[in-house]
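The chain contents come next:
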Amino acid sequence: MVSAAFAFLLLSGFVFAAVNGTMAEVNEALFQSMEQSVQLALSLGGVILFWTGVMKTAEAAGLVRSLAAIVQPLLSRLFPEIPHGHPVFGFIASNMAANFFGLGNAATPIGLKTMRELRRLNEDRDTASRSMITFLALNTAGVTLIPTTVIALGISHGAENPADIIMPAFLATILSACFAIIIDRYYAHRRNR
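Rules used throughout
Residues numbered from 1 in each chain as written. Predicted model: local features only at pLDDT ≥ 70, side-chain atom pairs only at ≥ 80, totals over all residues. Heavy atoms only, no water. Salt bridge = Lys/Arg side-chain N within 4 Å of Asp/Glu carboxyl O. Helix = DSSP H or I, 4+ residues; strand = E, 2+ residues; numbered from the N terminus. Buried < 20%, exposed > 50% of the residue type's maximum accessible area, 1.4 Å probe, protein only. Core = buried A, V, L, I, M, F, W, Y, C linked by side-chain atoms within 4.5 Å. Contact = heavy atoms within 4.5 Å. pLDDT = per-residue confidence, 0-100. Patch = residues over 30% accessible without salt bridge, like charges linked within 9 Å, V, L, I, M, F, W, Y side chains within 5 Å. Areas by Shrake-Rupley, 256 points an atom, 1.4 Å probe, with all protein chains shown as cover. UniProt positions renumbered as here; feature names shortened; annotations may be inferred. Axes fitted to C-alpha atoms, helices over the stretch in contact; angles between N-to-C directions. Parallel < 35°, antiparallel > 145°, perpendicular 65-115°, else oblique. Left-handed = near helix turned anticlockwise from the far one by under 90°. Expected span 1.5 Å × (residues − 1).

Going by what an unreviewed UniProt entry lists, the chain is known as Spore maturation protein and is assigned to Domibacillus antri.

Encoded structure:
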């Protein structure tokens, strides 16, 4: 259904451009967007490869297990389905730390690894577990102290004080995380009834 919607939008855009005589502008924008998307994919690919390597190294060195032991008392209340001492707590904590410091690109491979581990714990492979849903909600809310991408955009566009966004973004992401936990708990309680 989504593919049909995109196809409709694409075709209607071309028809509209042809009727209005703006096909040259559409072609220029199309090729410019393709170039930008390739540049973005290459830059993100490098970052994702780097952080995937860092995560593998941390896992091999035992840092993930150590981090899991430190944060387990807090996270075990949010993720009661995960067995005590499981290394996925370390992945969850790593993902939350990457989001906290505004490293969204670094959080992506860690989040994917976390979901793979949560899926292994899930008995019903066709349905997301409570822990998977909670992790997705928290990851989406992503409490962020330093929104590096927004600050970088502000700098590139000549903002006088690009770091002024730090406190409002921090408060907004704290509120979104609290709201995500409340909604997650509500639906988990409702599902268990």
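Having seen it, we continue.
Got a minute to help me understand the pattern of salt bridges in this structure?
Oppositely charged side chains can pair when the atoms bearing their charge come close. Counted under the stated rule, the structure contains three salt bridges. We note a salt bridge from Glu117 to Arg120, for which the minimum N-O separation is 2.5 Å. One end of the pair is Glu117 and the other is Arg120, both in helix 5 (residues 104–121) and three residues apart, which spans about a single turn. One salt bridge connects Asp184 with Arg185, and the closest N-O pair in it is separated by 3.4 Å. We classify Arg185 as partly exposed; its relative accessible area is 21%.

How do you make sense of the nonpolar core when you look at a structure like this?
Generally speaking, nonpolar side chains in soluble globular proteins are found buried as a group. Core analysis: the biggest nonpolar cluster contains 16 residues, and Leu75, Phe79, Ile82, Phe89, Ile92 and Leu118 have the highest contact counts within it. Within the residue set of this core, elements represented by two or more residues are helix 3 (63–78), helix 4 (88–100) and helix 6 (130–141). For this core, the leading source of residues is helix 4, giving five residues. Apart from the residues lying within four places of it in its own chain, the contact partners of Ile92 are Leu75, Phe79, Ile82, Thr114 and Phe135.

Honestly, the confidence of the model for the chain in this entry has me stumped. Any pointers?
Close inspection of predicted coordinates is inappropriate for parts of the model with low pLDDT. When pLDDT is averaged along the chain, the result is 84; 95% of the residues meet or exceed 70. Across the chain, the secondary-structure element scoring lowest on mean pLDDT is helix 7 (residues 148–156), at 75, and the one scoring highest is helix 6, at 92.

Hey, could you run me through a nonpolar patch on the surface in this one?
Residues Val2, Phe6, Phe8 and Leu9 make up a contiguous nonpolar surface patch of about 470 Å² in total accessible area. The exposed category is assigned to Phe6, whose relative accessible area is 56%.

Any chance you could explain the UniProt feature "signal peptide" (unreviewed entry) in the chain here in plain terms?
The feature "signal peptide" (unreviewed entry), as annotated in UniProt, sits at residues 1–17 in this numbering. Helix and strand shares over residues 1–17 are 94% and 0% respectively, and the end C-alpha atoms of the span are 24 Å apart.

Just to check I follow, could you spell out the environment of Thr173 for this structure?
If you trace the backbone, Thr173 turns up in helix 8 (residues 166–192). Linking Thr173 and Val143, residues 30 residues apart in sequence, is a C-alpha distance of 4.7 Å. Residues in contact with Thr173, not counting those within four places in the same chain, are Ala141, Gly142, Val143 and Thr144.

Which parts of the structure should I look at to understand the packing of helix 4 against helix 5?
A pair of packed helices is characterised by two quantities: the angle between their axes and the separation of those axes. Contact pair helix 4 / helix 5: the axes reach a minimum separation of 8 Å and the direction vectors enclose 155°. Between helix 4 and helix 5, the crossing angle belongs to the class labelled roughly antiparallel. As for how helix 4 packs across helix 5, the hand of that crossing is left-handed. Of the residues in helix 5, those in contact with Val88, Phe91, Ile92, Ser94, Asn95, Ala98 and Asn99 of helix 4 are Gly104, Ala106, Ala107, Ile110, Gly111, Lys113, Thr114, Glu117, Leu118 and Leu121.

Can you walk me through helix 1 (residues 2–20) in this structure?
Given 3.6 residues per helical turn, the α-helix brings residues three or four places apart onto the same face. The terminal C-alpha atoms of helix 1 lie 27 Å apart, and with 19 residues this matches the ideal 27 Å at 1.5 Å per residue to within 8%. Of all the 19 residues making up helix 1, one are buried; the element is thus mostly uncovered. Following helix 1 by one or two positions, Gly21 has its phi on the positive side, about 70°.

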